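# Structural overview for review
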Amino acid sequence: MEDGFSSYSSLYDTSSLLQFCNDDSASATSSMEVTDRIASLEQRVQMQDDEIQLLKSALADVVRRLNLSEEQQAMGSRRGPTKDPTKMRKSPSADSSFGQSARPMIATLPVRPTVNNGTVLPKKGSSTLPSPAGSGSRKDASPATNKRILSLSTVRRANSNEHVGTLTRKDSGDSKGNRTRAGSTGSNSSGKRSDSKQRDPVFNAGMRRVTHCKEEGYVKMFLKGRPVTMFMPKDQVESYSLEARGELPSNKLKLDWVYGYRGRDCRSNLYLLPTGETVYFIASVVVLFNVDEQLQRHYTGHTDDIKCLAVHPDKITIATGQVAGTSSDGKLAPHVRVWDSVSLNTLQVLGTGFFDRALVCLAFSKSNGGNTLCVVDDSNDHVLSVWDWQREERLAEAKCSNESVFAADFHPTDSNVVVTCGKSHLYFWTLEKGLLVKKQGLFEKQEKPKFVLCVTFAENGDAITGDSSGNILVWGKGTNRISRVIQGAHEGSIFAVCMLRNGTLVSGGKDRRLVSWDGSYQQIQTVEVLESFGPIRTIAEGRGETVLIGTTKNFVLQGSLDGDFIPITQGHTDELWGLAVHPWKPQFLSCGYDRQVCLWDSSTHQLIWTKTLEDTAQSAGFHPSGAVVAVGTQTGRWLVLDTDSKDLVTVHTDGNEQLSVMRYGPDGNFLAIGSHDNYIYIYAVAENGRKYSRVGKCSGHSSFITHLDWSVDSQYLVSNSGDYEILYWIPSVCKQVVSAETTRDIEWFTQTCTLGFQVFGLWPDGSDGTDINAACRSNSKTLLVTGDDFGKVHLFSYPCSQFRAPSHIYRGHSSHVTNVSFLYDDSYLVSTGGKDMSVLQWRIV
């Protein structure tokens, strides 16, 4: 017993843990401050947790080797030796007493479900598949009662020269510096280190550790203390070097088209420029869309969600404000960017370090040539500030309101007057000698609305507001009193009011009605937009008699006051996850939590059709024929839709958890469905994707399924899971393949799995294993693209099998990038944003 635990201590240096255990600084008798004691305790708990995680990983590795040894021994006794026994690698776990002695110790420890990454090694040179019934199972192991407890230090990989390096972790706030655990070194079959063999390199990167075992032909990476072993093809075993540097791809991406508009929770973000371009934003991209020529340009200077937009009186200069954000490099400060809409060059960046949380309102002054800019941030006090933007000088600031602020604008004839409105308030501000003096709007006999939602100005200088009671109020120029009331102008809240050049006032709101009013505030006419478009959020004047409307369902509509409105831009209205590309047409399908399934044409940038589901959608995949597409939901239901007519072909249910992956085999005869219940459901497919019969389910993962890929011949399936497992399957019989010799040379039809030898270089330094949401290999097999949690799209060379592989990085999304995919001909790449609800189309150049 003592020998066993002394050997275990040689594997892991526990001196740092013992030091903390003997440290009395956190006790009640300590002289340290309470906060310091708490911090010390938290640090101690974290270190203990890390020690336990490494122990669990080691135990999981032990169990895998024992299982394989037992399976191989059982097969050998049934089939006899397949090769000369003298040439076989001797496994230390082949001794049955050795295998049995492991069970009592493991049974007493509260280990989590073990991680099986397909790393179990068969006998050298053997390609025989072990019995699937025995793979990964420990239930039939007979307990040992007469053997000593297993010494972990005796569990060595025979004939292996793998070198396991140290794992270094930066402890934030730890004045004692980093702590280091000593690892163990591999051994040869005699249990002694072979000094004549050169050690393979080890790289450390934050929580990642990468080792290379040349003799066995694998690379091992650790994510959050869990080993992920990835076997390389046989033809690379001799030539591969972990120290080699990866190359940047010769191709690059250029943002070609942005699908979507942010109208759900933003206001006053739609304008027409003299160039004929409509300007609006979604995610962290400002879109300049020429509807007539069907061309888009993009301003991509922002680093996170854009929340507000203002156009200068010169109709060329534009100001946009963004929220505070986070990136892999740290926090991003909210700020205002002033830029040129012709050259797309940034002119000024204002307020970095001054604003809090986000910017909610922006407006340029009108009477002094647009020299000043007023800004309201989203801090608790919603600070109003006025800037000389060309000098980057803040002229004045004041606390606006503890409640929400919805609009702010300069008076058209007095650049020293600003009007703000929001929840329970309307304020008239005057800039005097560097101070903002506030006057509150007096509602007097008029019932005070809960929200004053929008403000504009008449030609004579009167302020006009719309509120949550459906009333339009006119405020006399230079006063804070009501001069005119249009009672019940709308049913429900009025979200937008706009004064046209000809003096006509246009209002719109929750009732989806667009109402025009003459100079004496008499109603001229009313137009109601379709219910599918949603309530009117913002109104802008278009060319001639046209009007532009932004809606809360993220449509941009164009029409006239006496005609119909048609969408010129539309998008999703909730978190977006599902993406599938057509196998031979320039089309792709997107779906998400808004229950909308949308089929897009990437050439015309038009929506082909949309269909509303009963459940929120999570994933999608096209049949190889392109005739049908399967859509997985969050409830376990999945549907098959006809691609041309969007008609429902069939509906099935597997489990009651979300279906993360829908993937047809290349020959179209099978459909694999990855679920959050840890199973992969396999269906036989007939009649060109119109008939389905369940084959079974692949069981073996200990966490939810994240990615699936089929082999070129449709005979094998590889899967990744939430706890970093890599498993291989024969889907036609739902059996797991545990032989590395069988799987290492399989050619995969797609590469969407984020774990594997050909792609492990995509993982960034310090990754915790959840940073990369999606990956996709180009059809030419030369490029690899990934989407991460920081709104970035990365373009790598493929194969991406070198540690710290370099990549081109592209911004545009402001939320986690949930999916990426190349079109069938590699002409474009499509990426989807999660909470930013955007779909970005990139040209490969």
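Everything quoted here is computed from the prediction, not taken from an experiment.

### Quick notes on the overall build of the protein chain
Of regular secondary structure, the protein chain possesses five helices and 60 strands. Residues classed as buried in the protein chain amount to 57% of the 845 residues present. In the protein chain, once contacts between residues fewer than 6 apart in sequence are set aside, the share between residues at least 24 apart is 52%.

### Digging into the sheet that holds strand β8 (residues 271-272)
The four strands are arranged β8-β9-β10-β11 in an open sheet whose pairing can be described as antiparallel. In this open sheet, the two edge strands, each paired with only one partner strand, are β8 and β11 (295-299). Note: strand β10 (residues 285-290) against β11, five bridges, orientation antiparallel. Bridging across to β11, N290 finds its partner in L295.

### Observations concerning the environment of N371
One can find N371 in the loop between β18 (359-364) and β19 (372-377). For N371, a relative accessible area of 33% puts it in the partly exposed group. Sequence separation between N371 and P313 is 58 residues, and the spatial gap between their C-alpha atoms is 9.7 Å. What N371 contacts, discounting residues up to four positions off in sequence, is S365, W387, D388, W389 and Q390.

### So, the state of the cysteines
Here the structure, examined in full by the defined rule, presents zero disulfides. For the unlinked cysteine C400, the closest cysteine sulfur is that of C361, found at 8.1 Å. A relative accessible area of 2% means that C400 is categorised as buried.

### Re the pattern of salt bridges
Applying the stated criterion across every chain yields a total of 23 salt bridges. E575 is the partner of K835 in a salt bridge, and the nearest nitrogen-oxygen pair spans 3.3 Å. Placement of K835 in the loop between β59 (828-833) and β60 (839-844) and of E575 in the loop between β37 (565-569) and β38 (576-581) is noted, with a sequence separation of 260 residues between them. Taking the shortest distance from any N to any O, the salt bridge between R637 and D615 comes out at 2.9 Å. Separated by 22 residues along the polypeptide, R637 in strand β44 (residues 637-642) and D615 in the loop between β41 (606-612) and β42 (617-622) bring together distant segments of the chain. Judged by its relative accessible area of 15%, D615 is buried. A network of salt bridges, in which partner residues are shared, links K234, E741 and R744.

### Some details on the side chain of H490
Its location among the elements puts H490 in the loop between β29 (482-486) and β30 (494-499). A residue is classified by how much of its surface remains accessible, and H490, at 3% relative accessible area, is buried. Ignoring anything within four residues of it in the chain, the contact list for H490 reads G470, S507, G508, G509, D511, R513 and V515.

### Observations regarding the sheet that holds strand β46 (residues 659-664)
Spatial ordering of the open sheet is given by β46-β47-β48-β49, a layout of four strands whose pairing is antiparallel. A single partner strand is all that each edge strand has here, and the edge strands are β46 and β49 (691-698). Within the sheet, the average angular offset between the axes of one strand and its neighbour, ignoring direction, is 20 degrees.

### What about unusual backbone geometry?
For the bond running from Y798 to P799, omega is 0 degrees, close enough to zero to count as cis. Within the secondary structure, P799 sits in the loop between β56 (793-797) and β57 (808-810). At S268, a residue that is not glycine, the phi angle is positive and equals roughly 45 degrees. Along the chain, the position of S268 falls in the loop between β7 (253-259) and β8. One non-glycine residue, S424, lies in positive phi territory at about 60 degrees. Examined against the element boundaries, S424 turns out to sit in the loop between β23 (417-422) and β24 (425-432).

### Describing the nonpolar core
L253, F588, V785, V793, F822, L829 and W842 are the most contacted members of the largest nonpolar core, which has 41 residues in total. The greatest single-element share of this core, amounting to five residues, is contributed by β7. Judged by nonpolar contacts, the second largest core, of 34 residues, contains V210, L223, Y728 and A775.

### Some details on the pairing of strand β5 (residues 218-223)
Within β5, six of the six residues are buried, leaving the element largely enclosed by the surrounding structure. Because side chains alternate across β5, one face comprises the buried residues Y218, K220 and F222, and the other comprises V219, M221 and L223, equally buried. Taking the residues between adjacent antiparallel strands as the criterion, β5 and strand β6 (residues 226-231) are bridged by two residues, where K224 takes a positive phi near 55 degrees.

### Here we look at the pairing of strand β17 (residues 346-350)
The sheet contact formed by strand β16 (residues 336-340) and β17 spans four bridges and is antiparallel. The residue bridging W339 from the neighbouring strand is T346, located in β17. A loop of five residues connects β16 with β17, the two strands running antiparallel in sequence, and L344 in this loop sits at a positive phi of about 65 degrees.

### Some words on the packing of aromatic side chains
Throughout the structure, instances matching the rule amount to 25 aromatic pairs. Between F533 and F555 the ring centres are 5.0 Å apart and the planes differ by 55 degrees, which places this aromatic pair in the tilted class. Taken together, the positions of F533 in the loop between β33 (523-528) and β34 (536-541) and F555 in the loop between β35 (546-551) and β36 (556-560) put the pair 22 residues apart, joining distant regions of the chain. Accessibility classification places F533 together with F555 in one group, the buried group. Between the aromatic rings of W638 and Y683, the centroid separation amounts to 5.0 Å while the plane-to-plane angle is 75 degrees, which identifies the pairing as edge-to-face. Taken together, the positions of W638 in strand β44 and Y683 in strand β48 (residues 680-686) put the pair 45 residues apart, joining distant regions of the chain. Among the residues examined, Y683 registers a relative accessible area of 5% and is labelled buried. Through a chain of ring-to-ring contacts, three or more aromatic side chains come together here, namely W638, Y664, Y683 and Y692. Over the face of the ring belonging to F495 we find R537, whose NZ or CZ atom lies 4.7 Å from the ring centre. A cation over an aromatic ring shows up here: K697 above the ring of Y679, its NZ or CZ 3.9 Å from the ring centre.

### As for the environment of Q294
Summarising the element assignment, Q294 is placed in the loop between β10 and β11. Measuring from C-alpha to C-alpha, the distance between Q294 and E277 comes to 9.9 Å, with 17 residues separating the pair along the chain. The residues contacting Q294, other than those within four sequence positions of it, are W257, F289, T604 and Q606.

### A few points about the environment of Q715
Counting through the fold element by element, Q715 comes out in the loop between β50 (705-710) and β51 (717-721). The exposure class of Q715 is partly exposed, given its relative accessible area of 41%. Spatially, the C-alpha atom of Q715 lies 9.8 Å from that of D667, the residues being 48 residues apart in sequence. Those residues in contact with Q715 that lie beyond four places of it in its chain are W729, I730 and P731.

### Comments concerning the confidence of the model for the protein chain
Close reading of the predicted structure is inappropriate where its pLDDT is low. On average, residues of the protein chain score 83 in pLDDT, and 80% of them are at 70 or above. Here residues 1-18 is modelled with pLDDT under 50, and outside its nearest four sequence neighbours on either side it reaches 26 contacts, counting other chains as well. Under a pLDDT of 50 for its full length, residues 78-199 has, in the predicted model, 247 contacts with residues more than four places off or in other chains.

Conventions adopted
- Residues numbered from 1 in each chain as written.
- Predicted model: local features only at pLDDT ≥ 70, side-chain atom pairs only at ≥ 80, totals over all residues.
- Heavy atoms only, no water.
- Helix = DSSP H or I, 4+ residues; strand = E, 2+ residues; numbered from the N terminus.
- Buried < 20%, exposed > 50% of the residue type's maximum accessible area, 1.4 Å probe, protein only.
- Contact = heavy atoms within 4.5 Å.
- Pairing = 2+ DSSP bridges.
- Disulfide = S-S within 2.5 Å.
- Salt bridge = Lys/Arg side-chain N within 4 Å of Asp/Glu carboxyl O.
- Axes fitted to C-alpha atoms, helices over the stretch in contact; angles between N-to-C directions.
- Core = buried A, V, L, I, M, F, W, Y, C linked by side-chain atoms within 4.5 Å.
- Phe/Tyr/Trp six-rings, centres within 6.5 Å; stacked < 30°, edge-to-face > 60°.
- Lys NZ or Arg CZ within 6 Å of the ring centre and 35° of its normal.
- pLDDT = per-residue confidence, 0-100.

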